[in-house]
Amino acid sequence: MHPLRALTALLAAVSALHAGPAEVRAAEPYPITVQAGARQTFAGFGASQVSKEFGHFAPEPHRSEMADLVYRDLKATILRLWLASGPEHSLEQMKAAFGADYLDNGVIPLLATRGVHTLLLAPARGMDAPADSLDAYAAKLARFIHDLKKEHDIEIHVTGVANEPEGWSGEQLRDTIKFLRSHLDALGLRRVRIIAPESPSVNDIFYRQLEIIRADPSAWAALDGVSSHSYNMAATDEAARLAEGKEYWMSESSEDGNEQGPDADRATTLAARFLNDINHGVTHWIYFKGFSYSPDVTRDDYTGSRLTQYDGAAGRIVTHLKYHYLKNLLAAFDAGAVLRRAESE
């Protein structure tokens, strides 16, 4: 059996215990051999907190309880923060929106007390090819990061270039990476790392973009980490080859749709994505939505993208089965752990 399927089967057998007796399945043993020699270092787990849901945050103590569940108990160290950054957004508009989404509600210090120490900025401007000046765009993004630190003492440690830039050419990404590095350095932000391209799937578009970035020594030197998302297509051997020499960030993965009860299919899908990515060199793994508020979980079309949420209609926290699968997985992947490839006998 392939090591991914073997490990997933073992995980499913153990984690199903969280769902009660009806969900328990007999465990089939699979011998695993771990090869000598380091493959990569697992640098950490994290999640996004999606700004539009903060206006309906759960009442205390439920908000703190969910922060404990997702960030403290999963040993999360990374928080991904969204920023609308397209040409229609001025610097001042970006600051105002970010303040309303992440500063006024205190979510950053709340999660810092749960172990988060790395802030990842997700500039979101759509998938379309850019028609604006990429140098000016990079300057605006760098200035935002600079001003956030100066005005609010919030330090962005890592930034993307553009979330899911499927319409961008490799040349556009290459140039923007270089522009952004130059502007960050000019503002004294040399410690801010850059990851790209944050593609929605590991596909031919991702490969072409990355090949062009790699072919330019200055762009490749300016890039600290390769990044992709695990949706239709997760990490592959080719992705691992193209990311060689860099950190590899999987910065977003989840499923949409309404999720209720102990959904083993969704839970095993999440486990398979995680194990696949780790087995293909991923060093940082970030789930899409950590916790949130839902007015009614039974009618919410996006419960599948959250690990846990406060159900306003029921007045309680709902934690999905996939959370328990992920918790068991992460217990074996502490940040800083040196990973080796596992093979079944």
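Treat the numbers as computed from the prediction; the structure is a model and nothing was measured.

Quick notes on the rules
Residues numbered from 1 in each chain as written. Predicted model: local features only at pLDDT ≥ 70, side-chain atom pairs only at ≥ 80, totals over all residues. Heavy atoms only, no water. Salt bridge = Lys/Arg side-chain N within 4 Å of Asp/Glu carboxyl O. Helix = DSSP H or I, 4+ residues; strand = E, 2+ residues; numbered from the N terminus. pLDDT = per-residue confidence, 0-100. Contact = heavy atoms within 4.5 Å. Buried < 20%, exposed > 50% of the residue type's maximum accessible area, 1.4 Å probe, protein only. Pairing = 2+ DSSP bridges. Phe/Tyr/Trp six-rings, centres within 6.5 Å; stacked < 30°, edge-to-face > 60°.

Section: the pattern of salt bridges
And step 1. A full pass over the atoms with the stated rule returns 24 salt bridges.
And step 2. For Glu151, the salt bridge goes to Lys95, with nearest N and O atoms at 3.1 Å. Within this pair, whereas Glu151 is found in helix α5 (residues 134-152), its partner Lys95 is found in helix α3 (residues 91-103), the two being separated by 56 residues in sequence.
And step 3. Taken together, the shared-partner salt bridges in this structure form one network comprising Glu92, Lys95, Arg143, Asp147 and Glu151.

What about the confidence of the model for the chain?
And step 1. Confidence along the chain averages 87 in pLDDT terms, with 84% of residues attaining 70 or more.
And step 2. Counting contacts from residues 1-26, a segment whose pLDDT is below 50, to residues more than four positions away or on other chains yields 47 contacts.

Looking at the side chain of Thr118
And step 1. For Thr118, the location among the structural elements is in strand β5 (residues 118-124).
And step 2. You can call Thr118 buried: its relative accessible area is 10%.
And step 3. What Thr118 contacts, discounting residues up to four positions off in sequence, is Thr77, Ile78, Leu79, His157, Val158 and Trp249.

Overview of the pairing of β5
And step 1. Burial analysis of β5 places six of its seven residues in the buried class, which makes it a mostly covered element.
And step 2. With seven bridges joining them, strand β4 (residues 78-84) and β5 adopt parallel strand pairing. In the strand pairing of β5, Ile78 is matched with Thr118.

Things to note about the packing of aromatic side chains
And step 1. Taken as a whole and assessed by the stated rule, the structure comprises ten aromatic pairs.
And step 2. Measuring from centroid to centroid gives 6.2 Å for Tyr71 and Phe291, while their planes differ by 85°, and the two rings are edge-to-face. You can see Tyr71 sitting in helix α2 (residues 62-72) and its partner Phe291 sitting in strand β10 (residues 284-294), a full 220 residues away along the chain.
And step 3. Owing to a relative accessible area of 0%, Tyr71 belongs among the buried residues under this scheme.
And step 4. Summarising the aromatic geometry, the rings of Trp82 and Phe288 are spaced 6.1 Å apart at their centres and angled 65° between planes, so their arrangement reads as edge-to-face. Of this pair, Trp82 sits in strand β4 while Phe288 is found in strand β10, placing the two residues 206 residues apart along the sequence.

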